[in-house]
Amino acid sequence: MASLPLNRVFINPLKSRNSMYGFTIVPRKLEPQAKTEVDSILNTTSEPIGDGVVKFPIKDLKELCKLSYLSQSAYRVLFYLGEFKFKNLKDLEEKAKEIDFSEFVKPNKTFAVRCKHVTEVPSSREIEHLIGSHINGKVNLDKPDIPILAYICEDRCYIGVDFSGDLGRREYRIFTHSSAMAGPVAFCLNVLAGFKKGDTLLDPFVGCGTIPIEAALHASKFSVNHFQKDKFKFSKIIDGVDEDFLENLDKESKLPEKQTIFGYDHLLRHVTAAKKNAKIAGILKTVYISKVSTEWLDAKFKKGQVDMIVTDPPQVSRQVNPKDAEKILDEFFYQCAYVLNKDGCVVLSLHSTDKVVEKAEKHNFKLELKQEYYQGKQKHFALKFKKS
């Protein structure tokens, strides 16, 4: 699916049913993993076009509602109005003028323009004003009927109608900490590991539980928004979508009968937080969370029992000195060599890759993939290892 030239936009998109598109905003550099989810939910072929954007064709607007409710990889789900490169604010304003908002912003509808950026921009409020000043309609900044979003990454601007609102914040994650992994990132790392229903997945540094909880939600087809249906305001944008529409989507969800997702940690406060979060998410019976130190993994699993290990291990910080970090990694890979099956993999989320490959190779693991990604503006690395 070819992208439009960056200096062109859709004109009257709803009048041309063969050229309607949506896009999701996802963790940057994890677009290929997000594409997998979009393709599965909508039975389509999407295009990861970079900048934290996945673009896809849609048959009708209800598909955007469906994706908004079911997606775990998306921060936002939008109707695609256009995209372009810009040199400065004046250039942005001139190109934004070409976009036709009239199919959504009607005389009886209010609107607001918001700007989300992942790189530095001159002024979000100024950009919102520049775009909004050329839309013919009534402004309501607090509760608009039609929320317009301008998403900016470096010199590219993507503009769309925001169907979902903020999906990145997980309502289940009440008990957390400052460096906790975002839900969409955890989901994408599980996809990177190849996780599917029935696989045995382990996170031995469970923290607040995001990785196993996202895996359990995916395995059960249980929407992360199951208990927040009322936050969606689809009916303001299109007719025929209400809570009954969303409840019909819930009919495909089913909690697995067997626990194959495990979250361990040596800190009781982390285990307690993860259990509480899993309960709030509605999948506590699907995951097994317990206080277990890494050196005891070989006592908890049979040899080769685990299909994949996805985790965010302790690294050098104010709490962990370099010597302790190396010791943790060494013991971790030693245990992985025993509990992981011959075709299994290890996926690590890291802010530094120092010493990691060295420790992995010591225990006969080879690096299969090194992929940088971003959580907000912070760069991280996802490393995938397989047995040698």
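## A closer look at the overall build of the protein chain
A tally of helices and strands in the protein chain yields 12 helices and 15 strands. Compactness check: the protein chain gives a C-alpha radius of gyration of 22 Å against a globular reference of 21 Å for 388 residues, within 12% of the reference. In terms of overall dimensions, the protein chain has C-alpha extents of about 65 × 45 × 35 Å along its principal axes. The buried share of the protein chain, taken over its 388 residues, is 56%. Within the protein chain, counting contacts between residues at least 6 apart in sequence, those at least 24 apart form 77% of the total. The centroid of the 60 positive side-chain charges in the protein chain is displaced by 3 Å from the centroid of its 51 negative side-chain charges.

## Quick notes on the sheet that holds strand S4 (residues 76-85)
Paired through their backbone hydrogen bonds, the strands of a sheet run either parallel or antiparallel. Reading across from one edge, S2-S3-S1-S4-S8-S7-S5-S6 is the order of the 8 strands in this open sheet, with mixed pairing throughout. Edge positions in the sheet fall to strand S2 (47-50) and strand S6 (138-139), since each has one partner strand and no second. Where strand S1 (residues 21-25) lies against strand S3 (residues 53-57), 5 bridges are found, and the strand directions are antiparallel. From the neighbouring strand, Tyr21 faces S3, where its bridge partner is Pro57. In the packing of helix H1 (residues 31-42) onto the sheet, contacts are made with S1, S2 and S3, and the angle to S3 comes to roughly 25°. Contacts between helix H3 (residues 89-96) and the sheet are confined to S4, strand S7 (146-153) and strand S8 (156-162), with S4 contributing the most and set at about 115° to the helix.

## So, a nonpolar patch on the surface
On the surface, Ile174, Phe175 and Ile280 cluster together into a nonpolar patch covering about 250 Å² of accessible area. Position of Ile174 among the secondary structure elements: in the loop between S8 and helix H5 (183-192).

## A few points about the side chain of Glu214
Checked against the element boundaries, Glu214 lands in helix H6 (residues 210-220). Residue Glu214 is classed as buried on the basis of its relative accessible area of 0%. In terms of polar contacts, Glu214 uses its side chain to reach the side chain of Gln72, at 2.6 Å. Of the polar contacts made by the side chain of Glu214, one reaches the side chain of Arg170; its length is 2.8 Å. Residues within four places of Glu214 in sequence aside, it is in contact with Gln72, Arg170, Tyr172, Gly183, Ala186, Phe187, Asn190 and Val224.

## Considerations on the packing of aromatic side chains
The geometry of two aromatic rings is summed up by the distance between their centres and the angle between their planes. Following the criterion strictly, the structure yields 17 aromatic pairs and no others. A ring pair is formed by Phe262 and Tyr288, whose centres lie 6.0 Å apart and whose planes are at 65°; its orientation type is edge-to-face. With Phe262 in strand S10 (residues 261-265) and Tyr288 in strand S11 (residues 287-291), the pair connects residues that are 26 residues apart, well separated along the chain. The class of Phe262 is buried, set by a relative accessible area of 12%. Judged by its relative accessible area of 38%, Tyr288 falls in the partly exposed class. Their ring planes at 70° and their centres at 5.1 Å tell us that Phe332 and Phe333 sit as a pair that is edge-to-face. In this structure, Phe332 and Phe333 share a single accessibility class: buried. Clustering of aromatic rings is evident, with ring pairs tying together Tyr21, Phe23, Tyr80, Tyr151 and Tyr158. Here Lys55 stacks its cationic end above the ring of Tyr80, 4.3 Å away from the centre of that ring.

About the criteria used
- Residues numbered from 1 in each chain as written.
- Predicted model: local features only at pLDDT ≥ 70, side-chain atom pairs only at ≥ 80, totals over all residues.
- Heavy atoms only, no water.
- Helix = DSSP H or I, 4+ residues; strand = E, 2+ residues; numbered from the N terminus.
- Rg over C-alpha atoms; globule rule 2.2 N^0.38 Å.
- Buried < 20%, exposed > 50% of the residue type's maximum accessible area, 1.4 Å probe, protein only.
- Contact = heavy atoms within 4.5 Å.
- Lys, Arg positive; Asp, Glu negative; His and termini not counted.
- Charge placed at Lys NZ, Arg CZ, Asp CG, Glu CD.
- Pairing = 2+ DSSP bridges.
- Axes fitted to C-alpha atoms, helices over the stretch in contact; angles between N-to-C directions.
- Patch = residues over 30% accessible without salt bridge, like charges linked within 9 Å, V, L, I, M, F, W, Y side chains within 5 Å.
- Areas by Shrake-Rupley, 256 points an atom, 1.4 Å probe, with all protein chains shown as cover.
- Salt bridge = Lys/Arg side-chain N within 4 Å of Asp/Glu carboxyl O.
- Polar contact = N/O pair within 3.5 Å; in protein donor to acceptor, adjacent residues only side chain to side chain.
- Phe/Tyr/Trp six-rings, centres within 6.5 Å; stacked < 30°, edge-to-face > 60°.
- Lys NZ or Arg CZ within 6 Å of the ring centre and 35° of its normal.

All we've got here are geometric facts, nothing functional implied.
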